[in-house]
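# Close look at the chain arrangement
So the chains spell out like this:
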Amino acid sequence: MRKPDNRRRTSLLRKFYGQRYLQVMALLGVAWMLLFHYAPMYGIVIAFKQYIGIGDIKNAPWVGWEHFKSIFEDDMMLQVIRNTLGISLLKLIIGFPIPIVFALFLNELRSLRFNRIVQTITYLPHFLSWVILGGILISWLADVGVVNDLLMGLGLIKEPVFYLSEPKYFWGIVIASDIWKEFGWSAIIYIAAIASISPELYEAATIDGASRFQRMWYVTLPSIKGTISILFILSVGSILNSNFDQILVLKNQVNESMSSVIDIYVYEIGIKQGRFSYSAAVGLVKGLIALFLLLLANSFSRRMNQSSLF
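For the structure given in this document, a descriptive report is provided here. Fair warning: this is a prediction, and the values are worked out from it, not measured in the lab.

Rules used throughout
Counting restarts for each chain: residues are numbered from 1 in the order of the written sequence. For a predicted model such as this one, the threshold for reporting local features is a pLDDT of at least 70, and the threshold for listing and counting side-chain atom pairs is 80 or more; totals across whole chains, interfaces and linings nevertheless cover every residue. With hydrogens and water excluded, all non-hydrogen atoms of the structure serve as input to the side-chain values. For the purposes of this entry, the term helix denotes a DSSP run of H or I that reaches at least four residues, the term strand denotes a run of E that reaches at least two, and both are numbered from the N terminus. Three exposure classes are used, based on accessible area relative to the maximum for each residue type with a 1.4 Å probe and protein chains only: buried under 20%, partly exposed in between, and exposed over 50%. Pairs of residues are marked as contacts when any of their non-hydrogen atoms sit within 4.5 Å. Patch members must show over 30% relative accessible area and no salt bridge, and they are joined within 9 Å when carrying like charges or within 5 Å when they are nonpolar side chains of Val, Leu, Ile, Met, Phe, Trp or Tyr. Note on areas: Shrake-Rupley, 1.4 Å probe, and residue coverage restricted to the protein chains presented here. Here, a salt bridge means any side-chain nitrogen of Lys or Arg that lies within 4 Å of a carboxyl oxygen of Asp or Glu. What qualifies as a polar contact is a pair of N or O atoms within 3.5 Å, subject to a donor-acceptor requirement within protein and to the restriction that residues adjacent in sequence count only when both atoms come from side chains. Whenever a helix is involved, its axis is fitted only over the stretch in contact; in every case the axis is a line through C-alpha atoms, and angles between N-to-C directions fall within 0 to 180 degrees. Put simply, angles under 35 degrees are roughly parallel, angles over 145 are roughly antiparallel, angles from 65 to 115 are roughly perpendicular, and the rest are oblique. Classification convention: Asp, Glu, Lys, Arg as charged; Ala, Val, Leu, Ile, Met, Phe, Trp, Tyr, Cys, Pro as nonpolar; all other residues, Gly among them, as polar. Definitions for this section: a left-handed crossing has its near helix turned counterclockwise from the far helix by less than a right angle. A right-handed crossing has that turn clockwise. Residues belong to one nonpolar core when they are buried, are Ala, Val, Leu, Ile, Met, Phe, Trp, Tyr or Cys, and are joined through side-chain atoms within 4.5 Å. The directions from the helix axis to the C-beta atoms form the arc being described.

## What to know about the environment of Leu294
Its place among the elements puts Leu294 in helix 16 (residues 276-305). Here Leu294 falls in the partly exposed class, since its relative accessible area comes to 21%. C-alpha of Leu294 to C-alpha of Ser129: the two residues are 165 residues apart in sequence and 28 Å apart in space. The residues touching Leu294, leaving out its near neighbours within four places in the chain, are Ile233, Gly237 and Leu309.

Take a look at the structure:
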């Protein structure tokens, strides 16, 4: 019985040695994940303690569920949850289908050169940080910015508007700018999935008389539904994340009523006010809700189209 085990072990070692460069790259990724994602999880215990940022965490006094009770008594929490869910749900409803539609139509382009130009133009905003894009948006949306000049030139408005000082415009600005920045990059996975579809399926559909739109609807979409399902599950799991960098750059005291989301709230009460334990409790609750939503979306996807993460 030991000889097959030894052979299997030898075979695995040879395979590992043959892939040593890839294995090293993978191990570096695992080490990064352990160092920056799992090791800091020890700090979760401060949600159950009264930690003031001085001294060792283990010496801080235990307070049990006190901070979690305070969450439900916080007057700001309803506003924060409303803004978080409002922005995230609209991003999901509006922003999730756009990369799919973009990938579908990009696949129909016959000119390879034009295809590459379009992809490059739509990818570029992804590589710019929100510090840069935020500065551009603040300049464009100012009362003397290009947006006001354009709208006044078209006769759509009579007086300039500083859009970021109007809370009612904030959600629209955040959602539109996030889609603009990420839809080209998000479409890469769908484009790769479409590229793996067998050309014979399109040839058979063409012989049967299917138009371009019909081939797109009956061949392309069903072939990538597994990819769509997986990315939808991940999007639902991160629905409580409202893009901290983006909102931190665009928010100000005037639009605070519409820009206060969970991540910003945790940052302000944790870093600015020094309420580390309370902010950790809020973050822990957020993480548990996100886990529940992920499991729910995974179960729903598995029942609907037999595609799921696990």
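## Observations regarding a nonpolar patch on the surface
Where nonpolar side chains cluster on the molecular surface, the patch consists of Val30, Trp32, Met33, Leu34, Leu35, Phe36, Tyr38, Met41 and Ile44 and spans about 890 Å² of accessible area. Mapping Leu35 onto the fold places it in helix 2 (residues 20-38).

## Observations concerning the side chain of Thr84
Locating Thr84 in the fold gives a position in helix 4 (residues 77-95). At a separation of 2.7 Å, a polar atom in the side chain of Thr84 contacts the main-chain carbonyl oxygen of Val80. Not counting residues within four places of it along the chain, the set of residues in contact with Thr84 comprises Ile239, Leu240, Ser242, Val261 and Ile262.

## A closer look at the packing of helix 4 against helix 5 (residues 97-107)
One way to put it is that helix 4 packs onto helix 5 with a least axis distance of 5 Å and a crossing angle of 20°. Taken together, the axes of helix 4 and helix 5 are roughly parallel relative to one another. Facing helix 4, whose interface residues are Leu92, Ile93, Ile94 and Gly95, helix 5 presents Pro97, Ile98 and Pro99. Counted by class, the contact of helix 4 with helix 5 contains 6 nonpolar, 1 polar and no charged residues.

## Quick word on the packing of helix 5 against helix 9 (residues 167-195)
Here helix 5 crosses helix 9 at 55°, and the two axes come no closer than 8 Å. Of the possible angle classes, the one that applies to helix 5 and helix 9 is oblique. Remark: the crossing between helix 5 and helix 9 carries right-handed chirality. Taking contact as the criterion, the partners of Ile98, Pro99, Ile100, Phe102, Ala103, Leu104, Leu106 and Asn107 in helix 5 are, on helix 9, Ile179, Phe183, Gly184, Ser186, Ala187, Tyr190, Ile191 and Ile194. Considered class by class, the residues forming the contact of helix 5 with helix 9 number 13 nonpolar, 3 polar and no charged.

## Structural notes on the nonpolar core
The biggest cluster of nonpolar side chains holds 28 residues, and the ones touching the most others in it are Phe96, Tyr190 and Ile194. Apart from the residues within four sequence positions on either side, Phe96 is in contact with Lys91, Tyr190, Ile228, Leu231, Phe232 and Ser235. Formed by 16 residues, the second largest nonpolar core is a distinct cluster that contains Ile87, Leu133, Leu137 and Val174.

## Notes on helix 7 (residues 130-140)
Taken together, the buried positions of helix 7 are Trp130, Leu133, Gly134 and Leu137. One face of helix 7 carries all of its buried residues, which in axial projection span an arc of 105°. Buried-residue contacts for helix 7 involve helix 9 and helix 13 (244-250).

Bear in mind that shape data such as this cannot, by itself, settle questions of function.
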